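Structural overview for review
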Amino acid sequence: MGVTIQRQTNQLKRTEPTADAVVCLIMSGAAVAGKIALGEHKVLFGRDGLTTLGITEANNPLAFKDISDFYTVIGEGAELNIMLVVDTTSITDVCDTANQLAKKLLDSTEGRGVILAVNRKTPAGYVPVIAAGLDADINSAMTKLNALGAEYQAQNIPFIGLLPALGWTKETSANMPARSTLNNDYVALNAWCNAADKIVSMGQFAAWVGKHQVHQNIGRVASGKLSDTAYMPDGTAPKDLKNQWNAIALKGLCFPVKINGKSGFFYKDDPCMTSLSSDYSSISWNRTINKAQRIADAVLVEKLNDDVDVDPGTGDIESSLLSDWESDVETAIRQQMQTTSGLKKKEISGVKCFIDPESNIINDQVDATITIVRKGQAKEIGVKIGYGVTI
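The structure displayed is predicted, hence computed values, not measured ones.

1. A short note on the overall build of the protein chain
Counting secondary structure elements, the protein chain contains nine helices and 15 strands. When the backbone C-alpha atoms are referred to their principal axes, the protein chain occupies close to 75 × 75 × 70 Å. Out of the 391 residues belonging to the protein chain, those deemed buried represent 48%. Across the protein chain, contacts joining residues at least 24 apart in sequence account for 71% of those joining residues at least 6 apart. Approximately 19600 Å² of the protein chain is accessible, and the part contributed by carbon and sulfur atoms is 51%.

Written out as structure tokens, the structure reads:
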């Protein structure tokens, strides 16, 4: 006889920080004297960071909500890099490569930032200029953020950019251009508000992206519901737009829907604001190739300025060296993306690295091609059902 007490685990819903989910989040807000200045980089690993930085619902309502939402979804322990900017700062200015805002925050992570999200609570009296179905600020910000994404991809530190669909209404949605006419490979647009306040939930969005493995669609039903509440940016409930879901999807938005037989709300898909013909037309396909690029860079940078043996008979790179380099890249990518352990699933189906033996090595140039075979996604499931005489 006696008292038996068992220790429970996993009650704090903590998560291990991962390089695949280093999030940067820029929000409109106000400085907190002695704790966080406008334009200053701060890093958090949980809600206690709100207390440390003196961020409250009263002095920074958007930041308080987005940060709280972030940790509700992804769990305590995840890395979140934040920056506050005055609410008169446009999202276009935040994303502009000429300004030290988004660039400064990304650079503060020393190239580790793989998800960049921006949100804005516009100042009192703000009247948006609606163009092509959105606040004109968002349309120009997409172009700026896409350019920033291309700039960082060229440096082998690629990221996916997330913006809010500010200004969207059910009346003006039809005026948005079809995604088939767009080419913003690095940018996704979020139209999910988790409250009827017309504030797009970017902290929640960034966390949901980061919580998934790079290859997984954020609309994956097996991941479970994201939230029990969902509204579009104009306050409309998703169920009231059910007949328009397909039309909205053709505009490229990430938006909430109901799934038959399931409680809560799910993202319909994970599109980027680019044509379906692009190899990088979704968040998951961007994140997958981004991870592979970072791994390959980490392997190949070790070989910079190294000696390269040349076949004296042909002037080509020695075949043994080619095999070594190819194997090094393939092995690293396979180990990090094609293995299963615990809850971690394979993220790609295959990888092949080819070092061109005829590279212009006499002029110190080595050329390589890395091919990734990605996993498929069951976006459409066709089924026939009927009676039979026998089985």
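2. Examining helix α9 (residues 319-337)
Here α9 is 19 residues long and its end C-alpha atoms lie 27 Å apart, about the 27 Å a rise of 1.5 Å per residue gives. The set of residues buried in α9 consists of L321, L322, W325, E326, V329, E330, A332, I333 and M337. What you see down the axis of α9 is that its buried residues fit within an arc of 155°, all on one side. Residues of α9 that are exposed and point more than 90 degrees away from the buried face comprise S319 and Q335.

3. A few points about the pattern of salt bridges
Pairs can form between side chains of opposite charge whenever their charged atoms are close. Tallying each qualifying case throughout the model produces 15 salt bridges. Taking the shortest distance from any N to any O, the salt bridge between K291 and D20 comes out at 2.9 Å. Linking K291 in helix α8 (residues 283-300) with D20 in the segment before β1 (23-28), this pair joins segments that are 271 residues apart in sequence. Its salt-bridge partner being R334, residue E330 comes within 3.6 Å of it at the nearest N-O pair.

4. Considerations on the pairing of strand β9 (residues 187-190)
Where burial is concerned, the two faces of β9 agree: the one with V187 and L189 and the one with A188 and N190 are both buried. Bridge analysis of strand β7 (residues 160-164) against β9 gives four bridges, and the strand direction is parallel. Residue G161 lies in a different strand from β9, and its bridge partner there is V187. Examined bridge by bridge, β9 and strand β10 (residues 253-254) share two bridges and lie parallel to one another. Across the sheet, L189 pairs through a bridge with L253, a residue of β10.

5. Describing empty space enclosed by the protein
Following the criterion strictly, the structure yields two cavities of 30 Å³ or more and no others. Of the volumes computed, that of the largest cavity is approximately 40 Å³. As for the largest cavity, its lining consists of I26, S28, V85, T89, I91, V94, V118, N119 and R120. Of all the elements in the fold, those that place two or more residues in the lining of the largest cavity are β1, α3 (91-95) and β4 (115-119).

6. Points about the packing of aromatic side chains
In the structure shown here, the tally under the stated rule is four aromatic pairs. Judged by centre distance (5.8 Å) and plane angle (75°), the ring pair of Y152 and F159 falls under edge-to-face. Overall, the relative accessible area of 3% leaves Y152 in the buried class. Taken together, a centroid distance of 4.7 Å and an interplanar angle of 55° make the contact between W192 and Y267 tilted. Remark: Y267 occurs in strand β12 (residues 266-267) and W192 occurs in the loop between β9 and α6 (202-211); sequence separation between them is 75 residues. Grouping residues by exposure puts W192 and Y267 together as buried. Feature note: the residues W192, F205 and Y267 constitute an aromatic cluster, connected by ring pairs. Seen from the ring of Y126, R120 lies directly overhead, with NZ or CZ sitting 4.9 Å from the centre. Taking the ring centre of W285 as reference, the NZ or CZ of R374 above it sits at 3.6 Å.

7. Brief notes about the sheet that holds β4
Judged by pairing direction, the sheet is mixed, and its seven strands sit side by side in the order β2-β3-β1-β4-β7-β9-β10 without closing on themselves. Whereas interior strands pair on both sides, the edge strands pair on one side only; in this sheet they are β2 (42-44) and β10. Across the sheet, helix α2 (residues 61-74) touches β1, β2, β3 (80-85) and β4, and the angle it forms with β1 is around 155°. The strands touched by helix α5 (residues 136-153) within the sheet are β4, β7 and β9, with β7 carrying the most contacts at an inclination of about 170°.

8. Observations concerning unusual backbone geometry
A positive phi angle, near 55°, is found at E110, a position not held by glycine. Within the element layout of this structure, E110 appears in the loop between α4 (102-108) and β4. By relative accessible area, which is 74% here, E110 ends up exposed. Positioned with a positive phi, N305 is a non-glycine residue whose angle comes to about 65°. Here N305 lies in the loop between α8 and α9. The exposure class of N305 is exposed, given its relative accessible area of 81%.

9. Some thoughts on the packing of α2 against α6
Relative orientation of the contacting elements α2 and α6 amounts to 25°, with a least axis distance of 7 Å. The angle between α2 and α6 places the two elements in the roughly parallel class. Judged by the twist between their axes, the crossing of α2 over α6 is right-handed. Facing α2, whose interface residues are D66, D69, F70, V73 and I74, α6 presents M202, G203, Q204, A206, A207, W208, G210 and K211.

10. Focus: the environment of V94
If you trace the backbone, V94 turns up in helix α3. The spatial distance from the C-alpha of V94 to the C-alpha of K104 is 10.0 Å, given a sequence separation of 10 residues. Leaving out residues up to four positions away in the same chain, V94 has contacts with I26, V85, T89, L101, A102 and V118.

The rules behind the values
- Residues numbered from 1 in each chain as written.
- Predicted model: local features only at pLDDT ≥ 70, side-chain atom pairs only at ≥ 80, totals over all residues.
- Heavy atoms only, no water.
- Helix = DSSP H or I, 4+ residues; strand = E, 2+ residues; numbered from the N terminus.
- Buried < 20%, exposed > 50% of the residue type's maximum accessible area, 1.4 Å probe, protein only.
- Contact = heavy atoms within 4.5 Å.
- Areas by Shrake-Rupley, 256 points an atom, 1.4 Å probe, with all protein chains shown as cover.
- Expected span 1.5 Å × (residues − 1).
- Arc of directions from axis to C-beta.
- Salt bridge = Lys/Arg side-chain N within 4 Å of Asp/Glu carboxyl O.
- Pairing = 2+ DSSP bridges.
- 1 Å grid on protein atoms, 1.4 Å probe; cavity = no way out; pocket = protein on both sides within 12 Å on 5 of 7 lines; lining within 4 Å.
- Points joined across faces, edges and corners; volume = space filled by probe spheres on them.
- Phe/Tyr/Trp six-rings, centres within 6.5 Å; stacked < 30°, edge-to-face > 60°.
- Lys NZ or Arg CZ within 6 Å of the ring centre and 35° of its normal.
- Axes fitted to C-alpha atoms, helices over the stretch in contact; angles between N-to-C directions.
- Parallel < 35°, antiparallel > 145°, perpendicular 65-115°, else oblique.
- Left-handed = near helix turned anticlockwise from the far one by under 90°.

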